[in-house]
Amino acid sequence: MTQLVTDKGFTPDDWTAGFAVLGCANDAVALHVPSDAQPGDIQLNHTLQIIRIDFPSSADGRGFTIAKQLRLLGYTGRLRAHGHVLADQYAMARRAGFDEVEIPDDLAARQPQDQWLARANWQDHDYQSRLRG
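Thresholds, definitions, all that
- Residues numbered from 1 in each chain as written.
- Predicted model: local features only at pLDDT ≥ 70, side-chain atom pairs only at ≥ 80, totals over all residues.
- Heavy atoms only, no water.
- Phe/Tyr/Trp six-rings, centres within 6.5 Å; stacked < 30°, edge-to-face > 60°.
- Helix = DSSP H or I, 4+ residues; strand = E, 2+ residues; numbered from the N terminus.
- Buried < 20%, exposed > 50% of the residue type's maximum accessible area, 1.4 Å probe, protein only.
- Lys NZ or Arg CZ within 6 Å of the ring centre and 35° of its normal.
- Pairing = 2+ DSSP bridges.
- Contact = heavy atoms within 4.5 Å.
- Axes fitted to C-alpha atoms, helices over the stretch in contact; angles between N-to-C directions.

K.L.:
For the packing of aromatic side chains, give the residues involved together with the corresponding values.
P.N.:
Inspection of the entire model under this criterion finds five aromatic pairs. Each ring, one from Phe64 and one from Phe98, has its centre 6.5 Å from the other, and the planes form 80°; the classification is edge-to-face. Here Phe64, found in helix H1 (residues 62-72), pairs with Phe98, found in the loop between helix H2 (90-96) and strand E7 (100-104); they are 34 residues apart in sequence, far enough to count as distant. Exposure class is identical for Phe64 and Phe98. Each is buried. By the ring-pair criterion, three or more aromatic residues cluster together here, those being Phe55, Phe64 and Phe98. Arg52 extends its terminal NZ or CZ atom over the ring of Phe19, reaching a point 3.9 Å from the ring centre.

Dropping the structure here:
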């Protein structure tokens, strides 16, 4: 099982349609993208409602790059980080363009909701904004 994290903390997952794998039919509504995917290989179309990007390890930051590139390419749908994202990485995930993070239950037990909520004000703790004043 997994736990979904948003700026409001642990929330129920309302996505029940499942995810197609990268390279499937170009009319998919939900897509699961591996961490080694190239953003240019992801077919963005009007039917795509959610993209879930895999984080196989908390030390693997390629998903942040994929998310940022998808937003720069114009993707405005729901973007979900999936896997081993730590609470300390939540602000970075939100700045990269993710709307939510899906973590395994064992990680949620080690890093409870209060640790995620402490980073939910990710816009207020932007280092570059503080430098600009």
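Let's pick the thread back up.
K.L.:
Account for the environment of Lys8, naming residues and giving values.
P.N.:
Here Lys8 is to be found in the loop between strand E1 (2-6) and strand E2 (9-11). In this structure Lys8 comes out as exposed when scored by relative accessible area, which is 70%. Between the alpha carbons of Lys8 and Asn121 there is a distance of 9.9 Å; along the sequence they are 113 residues apart.

K.L.:
Give me the sheet that holds E7: which residues, what numbers.
P.N.:
Across the sheet, which stays open at both edges, the seven strands sit in the order E2-E1-E7-E6-E5-E4-E3 with mixed pairing between neighbours. The open sheet terminates on both sides in strands that have one partner only, identified here as E2 and strand E3 (20-21). In terms of strand pairing, E1 meets E7 through four bridges, oriented antiparallel. When the sheet's bridge partners are listed, Thr2 is paired in E7 with Pro104. Here H1 sits on the sheet and contacts strand E5 (50-55) and strand E6 (78-83); the angle it forms with E5, its principal contact strand, is near 155°.

So yeah, pure geometry; function would need other evidence.
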